Amino acid sequence: MKHLIAPSILAADFANMGRDIQMLHESNADWVHVDVMDGRFVPNISFGFPVLKAIKPLTDKVMDCHLMIVEPEKYVEAFAAAGADIITIHYEATNHLHRAMQQIKATGAKAGVALNPHTRVDLLFDILEEIDLVCLMSVNPGFGGQKFIYSTLQKVRDLKAEIERRNLTTKIEIDGGVGLQNAEVLLQAGADVLVAGSAVFKADNPKDMIDKLKQVGAE
Ligand code: DX5
Ligand code: ZN
């Protein structure tokens, strides 16, 4: 399957959010990656329901919500109601991952799990059937514009091998420090979805950059 590109609006111009969403809407981006931070799970605060609600009607692109928050179970229904199509919570933020996956799917959203750079992929293997998306963090979550952690590549390979061995449809998403410099090696390792914040929004022409990222790997 062709890979997907999910620009992260954490790197958008918040004073011109409508304009930036319109740009993504007109672009070939597949998903809109929405980074929610609570100042507790990560040392930064971004935005929450009101922003998601405001941007949802501006595009029919999939809203891919990455919750970097403690006690994510408390807010699953509210994120679904605000327009999340995919709800990804952190492995490190819940004691009841299996239950949380069921809870997310009960809202009609797809269920994702994000792993911090230090968290091993095999910790998910016992419930991999329940997970629609695994988001491998390739930076420490909390901020855009950080350097890609290369040890993520082996995690992608190991996770991909297990997904293929079991014939699952679970997608692998890579989040943090992704751009043209590493997209190809990530796709070769088995990534399905590339999140790109700075690479897209700091580019001279964001739409062109999305096209370039989409074309990686095509001859
Ligand atoms: C980091 C966020 C990322 C971030 C990626 O905590 O989860 O989605 O926006 O930004 P870049 O692509 O700039 O590393
Ligand atoms: Zn993210």
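What you see is a predicted model, and the numbers here were worked out from it, not measured in a lab.

**Examining the coordination of the zinc ion (ligand 2)**
Okay, step 1: The zinc ion (ligand 2) binds to the protein through His33 (NE2), Asp35 (OD), His66 (ND1) and Asp175 (OD); the donor distances cover 2.0 to 2.3 Å.
Okay, step 2: The site at the zinc ion (ligand 2) holds six donor atoms, and with the angles between them running 69 to 172 degrees, its shape is octahedral.
Okay, step 3: Mapping the donors of the zinc ion (ligand 2) onto the primary sequence yields the spacing H-x1-D-x30-H-x108-D. In this pair, Asp35 is assigned in strand β2 (residues 31–37) and His66 in strand β3 (residues 62–68), connecting sequence segments 31 residues apart.

**Quick word on the nonpolar core**
Okay, step 1: One finds Ile9, Val34 and Ile174 to be the most contacted residues of the largest nonpolar core, which totals 63 residues.
Okay, step 2: Ignoring anything within four residues of it in the chain, the contact list for Ile174 reads Leu136, Ser138, Phe148, Val156, Leu186, Ala191, Val193, Leu194 and Val195.
Okay, step 3: Core analysis: the second largest hydrophobic core is formed by seven residues, Leu4, Trp31, Ile86 and Val195 among them.

**Examining the packing of aromatic side chains**
Okay, step 1: Tallied over the entire structure, the rule returns four aromatic pairs.
Okay, step 2: With a centroid separation of 4.7 Å and 75 degrees between ring planes, the pair formed by Phe148 and Tyr150 is classed as edge-to-face.
Okay, step 3: Here the aromatic cluster, defined as three or more aromatic residues joined through ring pairs, consists of Phe49, Tyr75 and Phe79.

**Section: the environment of Ile9**
Okay, step 1: Examined against the element boundaries, Ile9 turns out to sit in the loop between β1 (4–7) and α1 (17–26).
Okay, step 2: Linking Ile9 and Pro117, residues 108 residues apart in sequence, is a C-alpha distance of 21 Å.
Okay, step 3: Beyond its immediate stretch of four places on either side in the chain, Ile9 contacts Phe14, Met17, Ile21, Leu24, Val32, His33, Val34, Phe47, Ile55 and Phe201.

**Some thoughts on the confidence of the model for the chain**
Okay, step 1: The predicted model of the chain has a mean per-residue pLDDT of 98, with 99% of residues at 70 or higher.
Okay, step 2: In the predicted complex, the global pTM is 0.98; the interface-specific ipTM is 0.99.

**Digging into the layout of surface pockets**
Okay, step 1: If you add up the space inside the largest pocket, you get close to 260 Å³.
Okay, step 2: Lining the largest pocket we find 23 residues, and of these Gly144, Gly145, Asp175, Gly176 and Gly177 sit closest to its centre.
Okay, step 3: Within the lining of the largest pocket, the residues separate by chemical class into eleven nonpolar, ten polar and two charged.
Okay, step 4: When its volume is computed, the second largest pocket comes out at roughly 190 Å³.
Okay, step 5: For the second largest pocket, the full set of lining residues is Trp31, Ile86, Lys110, Leu128, Glu129, Ile131, Asp132, Leu133, Leu168, Thr169, Thr170 and Lys171.
Okay, step 6: In the lining of the second largest pocket, the residues fall into six nonpolar, two polar and four charged.

Criteria and thresholds
Residues numbered from 1 in each chain as written. Chains lettered and ligands numbered in written order. Predicted model: local features only at pLDDT ≥ 70, side-chain atom pairs only at ≥ 80, totals over all residues. Heavy atoms only, no water. Donors = N, O, S within 2.8 Å, 3.2 Å for Na, K, Ca; no water. Tetrahedral: all angles 85-135°; square planar, octahedral: opposite > 155°, others 65-115°. Helix = DSSP H or I, 4+ residues; strand = E, 2+ residues; numbered from the N terminus. Core = buried A, V, L, I, M, F, W, Y, C linked by side-chain atoms within 4.5 Å. Buried < 20%, exposed > 50% of the residue type's maximum accessible area, 1.4 Å probe, protein only. Contact = heavy atoms within 4.5 Å. Phe/Tyr/Trp six-rings, centres within 6.5 Å; stacked < 30°, edge-to-face > 60°. pLDDT = per-residue confidence, 0-100. 1 Å grid on protein atoms, 1.4 Å probe; cavity = no way out; pocket = protein on both sides within 12 Å on 5 of 7 lines; lining within 4 Å. Points joined across faces, edges and corners; volume = space filled by probe spheres on them. Nonpolar A, V, L, I, M, F, W, Y, C, P; charged D, E, K, R; others polar.

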